[in-house]
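# A look at the structure
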Amino acid sequence: MQNDFDVVIVGSGASGGTLAAHLARQGVRVALVEGGPRVNTRTDFNTHAMPFDFPTRQIPTMRPGKEGFDSERSRGVGGKTMLWNAVALRLSQRDLKGRTFEGAGEDWPIDYKDLAPYYDVIEREVGVCGNRDGLEDLPDGEFLPPVPMKCSDQIIRRAAESLGAKVVHVRKATLSVASKTRPACHFCGNCMAGCDVVAKYNSADVHIAPAELSGQVTVFHDSIVREVIVSDENRATGVRYIHRVHKREGEVRGRTVVLACACVQSIALLMMSTSRRYPNGLANSSGQLGRHFIPHFTGGIECLLEGLAGKPATNDEGFLDHAYLASFMHTRKRNYARSFGAQLNYQNRRFAGWAKTINGFGRTYKARVKAGYPAYIQFTPYGEMLPNPQSFVDLDRDRTDAFGLPQARRHLQWGANEEALFNDMVRWSLSMLDRAGAEILSVPDGPAPNHELGGCRMGRDPKSSVVNADCRTHDVPNLYVIDGSVFPSASEKNPTHTIMALAARAAEHITERLRKGEL
Amino acid sequence: MNETRRHAIKLLGTVGLTCAFPFAGDELYGQHVHVTLAQTPATGPYTPAFFDAAEYATLSSLANAIIPTTITPGAVAAGVPEYIDRVVSLNAEHQPLARAGLAWLEGQSQTKFSRAFTALDEAQQVELLQPISDAVDRQQRDAQRARFRTETAGTLVYYVAITDKTSPARPAVVPRPAPANDPDLPVRLFRLIKNLTADGYYTSRVGLLEELGYNGNTMLARFPECTIREQ
């Protein structure tokens, strides 16, 4: 048993890594407990592999003999930031206040002005490229220079503009110019298979490694937390884990416990941490734990742009998407609440699975695919879901993993608002693509869940929420949850930047309480 | 298969890790069994694991009819029959269909032209395959049209697959029998082999580099401004 930490953080991704680094700078002693092994982004991922290197053309995430990112829980130091696409968007005041603005969803208990200084801190610290576009619903930040748009982005931008919508340079936590310690992106085109030069932010290299060097942070890797320990005095005193390799149990003790395991896993861990005081799950006296599960929904469209068909193939993988369709529905008349945005040209060109959908066979078919290759794009709108009672996370105690832990189960039901929003976002997408001269190859089956959010919702009222505005649980005064699960409303924007800002904000709050002796 | 089940399967393994998107283009067709075969250098001719010699010859001719040799090599030269044999041998649900389908194709060839499918000239191949290919395209178009609706009935319950090596394997998919008198057999066969051929060819060195001209996966000092002019 290890005893003398100020803060025990479970999870080492965007939230856990940011929090650990910010606490360490204030002299706080941190234990960072991670279920997976250490992973070296420079050597362990198949970043530069090609499909023909493998007999079944499936490129494994890890190189031979390397372990880690092969499970739901993204086990590995750095969490999902090792493989994320790095889109970094600020939420706007309208995103945070859906109930106030249009009577739908829930308001956050904080305002944009509460988050803005922490968005600034994160942007300065990790480097976010982008353009200052002056859009009300996509607040600007302290950006590195933007990366040029691809040909296809420019075609779609013109089409969107003709319909009154804005396509802007994507904002990503990837360096467009070198920093003191990291090189600029060199556009090798495979960000979501790891970044072997750390031009793209990952928490292991950017936040955790320097914090460990400072001596303030101790990493417990391969330690799968199965329970948060709570004393009879209602204080979280540490966590109990199972070692991933030798399966022995262990404990890490500290004065404060923070769950930063990614949305569904944080919920599951609280649900697994039952006791006499908390028979229905820790921090769940309200019965709200797992409720208000509001993942983003997507519905991607594949198409060929006439303007690029038959042109020579160019090296335009870049750093995946270079452009973003900003939310524009908040100010328009519509028969639903909330809005959508879209990511453009997300694919790399190492695979042409869309060729299956091209008609015919033989010489004509082969020529059509070749002509289509430089013209192929994916257009992926994201919509905001409103909470409903049928959508929640719970544990399936009959279904356990290799460590005997019950598996988390998502229940999801789209409501009338999602149906209307989804139909409208597909309709708008098809209109823009039609103006762009696109031949549509495939349309979505229906909304597909994506970024997972909600379940430990943040709020002022302990009866209707799990954590307060500082991400502290209402029930246990020294237990925090910081990740996508605390989002009271989802917006349509990629959540990681906000999660990191929340972590930076909570770091100040926790440091202050430690100084005052409250923890 | 009901809708909820279909969605549940589609979601396995896609949400948790990298928020991959549910595009047809993001998936290799027909690969439900995910194994990592070692990268082994080719030594000598390939020995099929599933198809017998006659079936493999028919399969090779069919793959090359779908993606023929032009100024660039076709499916056979790109190693597509090997790829298809591997996928079919690893994914049992395709086996009855592939076997019955190739037998049907060979029978048709004998009936119509009194020759093996491998001996048909291009015009004869087209005569035999065109109606089947058209039917496949029609089905796909109808399926796309039918997709313009939102699923609101029922609750979607899903898990994200845990693929830890130590976790129990998912239950095997029960192979659907492909009776020789299934009226849909020609269409099902052609769809299977066309999808596998397209995946295999365009992920091959020949297909991706030589035919399509892939030129990424390299270092660029800066990302170039677009220089292509429309029209």
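Residues numbered from 1 in each chain as written. Chains lettered and ligands numbered in written order. Predicted model: local features only at pLDDT ≥ 70, side-chain atom pairs only at ≥ 80, totals over all residues. Heavy atoms only, no water.

## Some details on the overall build of chain B
Rules: Runs of H or I in DSSP of at least four residues are treated as helices and runs of E of at least two as strands, each being numbered from the N terminus. Accessibility here uses a 1.4 Å probe with only protein chains present; expressed as a share of the type maximum, an area under 20% marks a residue as buried, one over 50% as exposed, and anything in between as partly exposed. Contacts are residue-level and defined by heavy atoms, with any inter-residue pair within 4.5 Å sufficient. Here the open area of atoms and residues is found with the Shrake-Rupley method and a 1.4 Å probe, where only the protein chains shown may cover a residue.
If you tally the helices and strands in chain B, you get 7 helices and 1 strand. Along chain B, helices (α) and strands (β) appear in the sequence α-α-α-α-α-β-α-α when read from the amino end. With 231 residues in all, chain B has 45% of them scored as buried. Restricting to contacts in chain B with at least 6 residues of sequence separation, those with at least 24 account for 73%. A total accessible area of about 11,900 Å² is found for chain B, and carbon and sulfur atoms account for 56% of it.

## Here's the deal with the confidence of the model for chain B
Residue and element names in this part refer to chain B. Short version of the rule: On a scale of 0 to 100, pLDDT captures the predictor's confidence in every residue.
With 67% of its residues at a pLDDT of 70 or more, chain B has an overall mean of 78. When mean pLDDT is taken per element in chain B, helix H2 (residues 53-66) scores highest with 98 and helix H1 (residues 3-11) scores lowest with 34. Throughout residues 149-154 the model reports pLDDT below 50, and contacts reaching past four residues in sequence, or to other chains, amount to 14 contacts. Counting contacts from residues 160-175, a segment whose pLDDT is below 50, to residues more than four positions away or on other chains yields 29 contacts. Predicted complex metrics record ipTM = 0.92 and pTM = 0.92.

## Some remarks on the side chain of A:Asn348
Residues and elements named next belong to chain A. What counts, and what does not: Any N or O atom pair separated by 3.5 Å or less is treated as a polar contact, with the protein-specific requirement of one donor-capable and one acceptor-capable atom, and with residues adjacent in sequence counted only for side-chain atom pairs.
Mapped onto the fold, Asn348 is located in the loop between strand E11 (340-344) and helix H8 (362-372). At a separation of 3.0 Å, a polar atom in the side chain of Asn348 contacts the main-chain amide nitrogen of Arg350. Setting aside chain neighbours within four positions, we find Asn348 in contact with Gly189, Asn190, Glu317 and Leu320.

## Some details on the packing of aromatic side chains
So the rule is basically this: Only Phe, Tyr and Trp rings are paired, with Trp represented by its six-membered ring, and only when their centres lie within 6.5 Å; those with planes under 30 degrees apart are stacked, over 60 edge-to-face, the remainder tilted.
Following the criterion strictly, the structure yields 15 aromatic pairs over all chains and no others. Seen from their ring centres, A:Phe297 and A:Trp414 are 5.4 Å apart, and the 65° between their planes marks the pair as edge-to-face. Residue A:Phe297 is found in strand E8 (residues 297-298), and its partner A:Trp414 is found in the loop between strand E14 (406-412) and helix H9 (416-435); the two are separated by 117 residues along the sequence. The same class applies to A:Phe297 as to A:Trp414, namely buried. For the pair A:Trp354 and A:Tyr376, a centre-to-centre distance of 5.1 Å together with 10° between the ring planes defines the contact as stacked. Taken together, the positions of A:Trp354 in the loop between E11 and H8 and A:Tyr376 in strand E12 (residues 376-383) put the pair 22 residues apart, joining distant regions of the chain. Here A:Trp354 matches A:Tyr376 in class, with each residue buried. Joined through ring pairs, the aromatic side chains of A:Phe187, A:Phe319 and B:Phe223 make up one cluster.

## Things to note about the pattern of salt bridges
Residue and element names in this part refer to chain A. Operational definition: Each salt bridge in this description consists of a side-chain nitrogen of Lys or Arg and a carboxyl oxygen of Asp or Glu lying within 4 Å of one another.
Tallied over the full model, the rule gives 43 salt bridges over all chains. For the salt bridge of Arg334 with Glu102, the shortest nitrogen-to-oxygen distance reads 2.7 Å. Of this pair, Arg334 sits in the loop between strand E10 (323-325) and E11 while Glu102 sits in helix H3 (residues 98-102), placing them 232 residues apart in sequence. Taking relative accessible area as the criterion, Glu102 reaches 28% and is therefore assigned partly exposed. Salt-bridge contacts for Arg350 lead to Glu317; the nearest nitrogen and oxygen are separated by 3.1 Å. Here Arg350 is found in the loop between E11 and H8, whereas its partner Glu317 is found in the loop between strand E9 (301-305) and E10, with 33 residues between them in sequence. Of the residues examined, Arg350 reaches a relative accessible area of 3% and is grouped as buried.

## Regarding the packing of H2(B) against helix H6 (residues 185-202) of chain B
The relative placement of two packed helices is expressed as an angle between their axes plus a distance between the axes. Residue and element names in this part refer to chain B. The condition is simple: Between N-to-C directions, angles span 0 to 180 degrees; the directions come from axes that are lines fitted to C-alpha atoms, helices contributing only their stretch in contact. These descriptions rest on fixed angle ranges, namely under 35 degrees for roughly parallel, over 145 for roughly antiparallel, 65 to 115 for roughly perpendicular, and the rest for oblique. Each residue gets one of three labels, nonpolar for Ala, Val, Leu, Ile, Met, Phe, Trp, Tyr, Cys and Pro, charged for Asp, Glu, Lys and Arg, and polar for the others, Gly among them.
Interhelical geometry of H2 versus H6 gives an angle of 70° and a closest axis separation of 10 Å. Taken together, the axis directions place H2 and H6 in an arrangement best described as roughly perpendicular. For the pair H2 and H6, the contacting residues are Leu59, Leu62, Ala63 and Ile66 in the first and Leu189, Phe190, Ile193, Lys194 and Thr197 in the second. Across the contact of H2 with H6, the residue classes break down as 7 nonpolar, 1 polar and 1 charged.

## Section: the environment of A:Gly238
Residue and element names in this part refer to chain A. In this fold, Gly238 is placed in strand E6 (residues 236-243). For Gly238 and Val257, which are 19 residues apart along the polypeptide, the C-alpha to C-alpha distance reads 6.3 Å. In this structure, Gly238 is in contact with Glu227, Val228, Ile229, Val252, Arg253, Gly254 and Val257, ignoring residues within four places of it in sequence.

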